[in-house]
Amino acid sequence: MWGRATRPSGRAKLDRRSPSEGNRLAFEALLLQESIAMNLVINGEARDFNPPLTLAALLEELGMKADRVAIELNRNIVARDQWAKTGLVEGDRLEIVHFVGGGLF
């Protein structure tokens, strides 16, 4: 049976095979993962971040405006519509280029 079983004492005992136990273990694994810093190299500078992290979340953490940058991840340009779906891992190398406007007129 999935879920909780009632003990004679009235206290619930969690069934080891239950989905809620799997969810708890997955949550604990995520917390452990988040407590371990992930090293990324951004424009040649090594920096530590807490995983999990996507390109979109990285830009937000760095305080950069998404409409004014281009990102190269491990020597491949990543399309802007893929930033929220692109996860970063230990050792990734990024080049982030800022667009600057200007001129006389």
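Refer to the structure above for everything that follows.
Report follows, based on the coordinates.

The rules behind these values
- Residues numbered from 1 in each chain as written.
- Predicted model: local features only at pLDDT ≥ 70, side-chain atom pairs only at ≥ 80, totals over all residues.
- Heavy atoms only, no water.
- Helix = DSSP H or I, 4+ residues; strand = E, 2+ residues; numbered from the N terminus.
- Contact = heavy atoms within 4.5 Å.
- Areas by Shrake-Rupley, 256 points an atom, 1.4 Å probe, with all protein chains shown as cover.
- Buried < 20%, exposed > 50% of the residue type's maximum accessible area, 1.4 Å probe, protein only.
- Pairing = 2+ DSSP bridges.
- Core = buried A, V, L, I, M, F, W, Y, C linked by side-chain atoms within 4.5 Å.
- Axes fitted to C-alpha atoms, helices over the stretch in contact; angles between N-to-C directions.

### Some points on the overall build of the protein chain
So, step 1. Looking only at helices and strands, the protein chain has two helices and seven strands in total.
So, step 2. Helices and strands appear in the protein chain in the N-to-C order β-β-α-β-β-α-β-β-β.
So, step 3. Within the protein chain, residue pairs in contact and separated by at least 24 positions form 42% of the contacts whose partners lie at least 6 positions apart.
So, step 4. Surface exposure of the protein chain reaches about 8000 Å², of which carbon and sulfur atoms provide 54%.

### Brief notes about the environment of Val100
So, step 1. Locating Val100 in the fold gives a position in the segment after β7 (93-98).
So, step 2. In this structure, the C-alpha to C-alpha distance between Val100 and Val69, residues 31 residues apart in sequence, is 9.3 Å.

### Examining the pairing of strand β5 (residues 69-73)
So, step 1. A one-sided burial pattern is seen for β5, the buried positions being Val69, Ile71 and Leu73 and the unburied ones Ala70 and Glu72.
So, step 2. Judged from the five bridges that link them, β5 and β7 form a sheet pairing that is antiparallel. Bridging across to β7, Ile71 finds its partner in Ile96.
So, step 3. Linking β5 back to strand β6 (residues 76-78) in an antiparallel pair, the connection comprises two residues, with Asn74 at a positive phi of about 50°.

### Side note on the nonpolar core
So, step 1. In terms of nonpolar packing, the biggest core is built from 16 residues, with Leu40, Leu58, Leu88 and Leu94 touching the most fellow members.
So, step 2. Contributions of two or more residues to this core are made by β3 (38-42), α2 (55-62), β5 and β7.
So, step 3. Setting aside its immediate chain neighbours within four residues, Leu58 contacts Leu40, Ile42, Phe49, Leu53, Leu88, Leu94 and Ile96.

### Topic: the sheet that holds β5
So, step 1. Overall, mixed pairing links the five strands, which are arranged β4-β3-β7-β5-β6 in an open sheet. In this open sheet, the two edge strands, each paired with only one partner strand, are β4 (45-49) and β6. Across the sheet, the mean angle from the axis of one strand to that of its neighbour is 35°, orientation sign disregarded.
So, step 2. Each of β3, β4, β5, β6 and β7 touches α2; the most contacted strand, β7, lies at about 60° to it.

### Topic: the side chain of Thr86
So, step 1. When you line up the elements, Thr86 lands in the loop between β6 and β7.
So, step 2. Classification of Thr86 by relative accessible area gives buried; the value is 16%.

### A look at the pairing of β4
So, step 1. In this sheet, β4 lies alongside β3 in antiparallel orientation, the contact comprising five bridges. When the sheet's bridge partners are listed, Asn39 is paired in β4 with Asp48.
So, step 2. Here β3 folds back onto β4 in antiparallel fashion, the turn holding two residues, of which Asn43 has a positive phi close to 50°.

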